[in-house]
Amino acid sequence: MKVQLVDLPKILDLRGNLSFIEEMKHIPFEIKRAYWIYDVPGGEFRGSHAFRKNEEFIVALSGSFDVFLHDGNDEKKFSLNRSYYGLYIPKLTWRKLDNFSTNSLALILSSSVYEENDYIRDFDQFLLALK
Ligand code: TYD
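Description of the structure in this document. This structure is a prediction, so every number in the text was calculated from the model and none was measured.

1. Considering a nonpolar patch on the surface
Line of reasoning, step 1. Taken together, the side chains of Ile11, Leu18 and Phe20 make up a nonpolar region of the molecular surface, amounting to roughly 250 Å² of accessible area.
Line of reasoning, step 2. Inspection of the secondary structure assignment puts leucine 18 in strand S3 (residues 18-19).
Line of reasoning, step 3. By relative accessible area, which is 47% here, leucine 18 ends up partly exposed.

Take a look at the structure:
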């Protein structure tokens, strides 16, 4: 599966709405880890790296932020601002999270547990890894 915005189920209810994600159904991987980014001060960004193997799915559970994805040729910007869709990011994609709104909350589901060796933190190394 390529980079893709995924619409998640939305159960509208007068008591409050509900959305959910199931592995291998709404996202093409088994979830090994969930982490979240919050309390981002104005002007800061997160990420700016790629993963050799790890795949991710990012949801703006609250507030908004932009995800910039680079595939080695082009950069694309995805604005996330609703809790009922998310962005699927395959392995070997350079990604940066920026422009966090006040009180924004980014949920990231990952296909692998945390492994520093899986990170590519240098953009030139990333371009080499794509070859
Ligand atoms: P990192 O993914 O490098 O964040 P960013 O790219 O936004 O700067 O994570 C920052 C630190 O947090 C990293 O050095 C180690 C730690 N960390 C974990 O221990 N487990 C995790 O699942 C993640 C995502 C990070």
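2. Looking at the site of the ligand
Line of reasoning, step 1. The environment of the ligand is formed by Arg33, Tyr35, Arg46, Gly47, His49, Tyr114, Tyr119 and Arg121.
Line of reasoning, step 2. Between the ligand and the protein, one listed contact pairs an oxygen atom with a side-chain N or O atom of tyrosine 119 at 2.5 Å.
Line of reasoning, step 3. Coverage of the ligand by the protein amounts to 60% of the 520 Å² it exposes when considered alone.
Line of reasoning, step 4. At 3 residues, strand S5 (residues 46-51) tops the list of elements feeding residues into the shell around the ligand.
Line of reasoning, step 5. Taken together, the residues of the shell around the ligand sort by class into 3 nonpolar, 2 polar and 3 charged.

3. Concerning the sheet that holds strand S4 (residues 33-37)
Line of reasoning, step 1. Strand order in the open sheet formed by 5 strands is S1-S9-S6-S11-S4, and the pairing between neighbours is antiparallel. The open sheet has two edge strands with one neighbour each: strand S1 (4-7) and S4. Adjacent strand axes in the sheet meet at a mean angle of 25°, parallel and antiparallel pairs treated alike.

4. With respect to empty space enclosed by the protein
Leftover empty space is mapped by rolling, across the atoms, a probe with the size of a water molecule.
Line of reasoning, step 1. Counting across every chain of the model gives 1 cavity of 30 Å³ or more.
Line of reasoning, step 2. Volume-wise, the largest cavity comes out at about 30 Å³.
Line of reasoning, step 3. Forming the walls of the largest cavity are Phe51, Asn54, Glu56, Ile89, Pro90, Lys91, Leu92, Thr93 and Arg95.
Line of reasoning, step 4. For the lining of the largest cavity, the class distribution of residues is 4 nonpolar, 2 polar and 3 charged.

5. Some remarks on the pattern of salt bridges
Line of reasoning, step 1. Taken as a whole and judged by the stated rule, the model has 6 salt bridges.
Line of reasoning, step 2. Here lysine 25 and glutamate 22 are joined by a salt bridge, their closest N and O atoms 3.7 Å apart.
Line of reasoning, step 3. On the accessibility criterion, glutamate 22 (37% relative accessible area) is partly exposed.

6. A short note on the side chain of aspartate 98
Line of reasoning, step 1. Along the chain, the position of aspartate 98 falls in strand S10 (residues 94-98).
Line of reasoning, step 2. A relative accessible area of 16% means that aspartate 98 is categorised as buried.
Line of reasoning, step 3. When near neighbours in sequence (up to four residues on either side) are disregarded, aspartate 98 contacts Glu44, Phe45, Phe65, Asp66 and Phe68.

7. Observations regarding the sheet that holds S5
Line of reasoning, step 1. Ordered by their spatial adjacency, 5 strands build an open sheet running S8-S7-S10-S5-S12, and the pairing between neighbours is antiparallel. Two strands lie at the open edges of the sheet, namely strand S8 (75-80) and strand S12 (119-120), each paired on one side alone.
Line of reasoning, step 2. Sheet topology note: the S5/S10 ladder contains 3 bridges and is antiparallel. For glycine 47, the partnering residue across the bridge sits in S10 and is lysine 96.

8. Things to note about the packing of aromatic side chains
Here the distance between the centres and the angle between the planes together describe a pair of aromatic rings.
Line of reasoning, step 1. A full pass over the atoms with the stated rule returns 8 aromatic pairs.
Line of reasoning, step 2. Plain terms: the ring middles of phenylalanine 51 and tyrosine 119 are 4.8 Å apart, the flat faces sit at 70° to each other, and that makes the pair edge-to-face. Separated by 68 residues along the polypeptide, phenylalanine 51 in strand S5 and tyrosine 119 in strand S12 bring together distant segments of the chain.
Line of reasoning, step 3. Judged by relative accessible area, which is 4%, phenylalanine 51 ranks as buried.
Line of reasoning, step 4. Seen from the ring of tyrosine 84, lysine 10 lies directly overhead, with NZ or CZ sitting 3.9 Å from the centre.

Calculation notes
- Residues numbered from 1 in each chain as written.
- Predicted model: local features only at pLDDT ≥ 70, side-chain atom pairs only at ≥ 80, totals over all residues.
- Heavy atoms only, no water.
- Patch = residues over 30% accessible without salt bridge, like charges linked within 9 Å, V, L, I, M, F, W, Y side chains within 5 Å.
- Areas by Shrake-Rupley, 256 points an atom, 1.4 Å probe, with all protein chains shown as cover.
- Salt bridge = Lys/Arg side-chain N within 4 Å of Asp/Glu carboxyl O.
- Helix = DSSP H or I, 4+ residues; strand = E, 2+ residues; numbered from the N terminus.
- Buried < 20%, exposed > 50% of the residue type's maximum accessible area, 1.4 Å probe, protein only.
- Near = heavy atom within 4 Å.
- Polar contact = N/O pair within 3.5 Å; in protein donor to acceptor, adjacent residues only side chain to side chain.
- Nonpolar A, V, L, I, M, F, W, Y, C, P; charged D, E, K, R; others polar.
- Pairing = 2+ DSSP bridges.
- Axes fitted to C-alpha atoms, helices over the stretch in contact; angles between N-to-C directions.
- 1 Å grid on protein atoms, 1.4 Å probe; cavity = no way out; pocket = protein on both sides within 12 Å on 5 of 7 lines; lining within 4 Å.
- Points joined across faces, edges and corners; volume = space filled by probe spheres on them.
- Contact = heavy atoms within 4.5 Å.
- Phe/Tyr/Trp six-rings, centres within 6.5 Å; stacked < 30°, edge-to-face > 60°.
- Lys NZ or Arg CZ within 6 Å of the ring centre and 35° of its normal.

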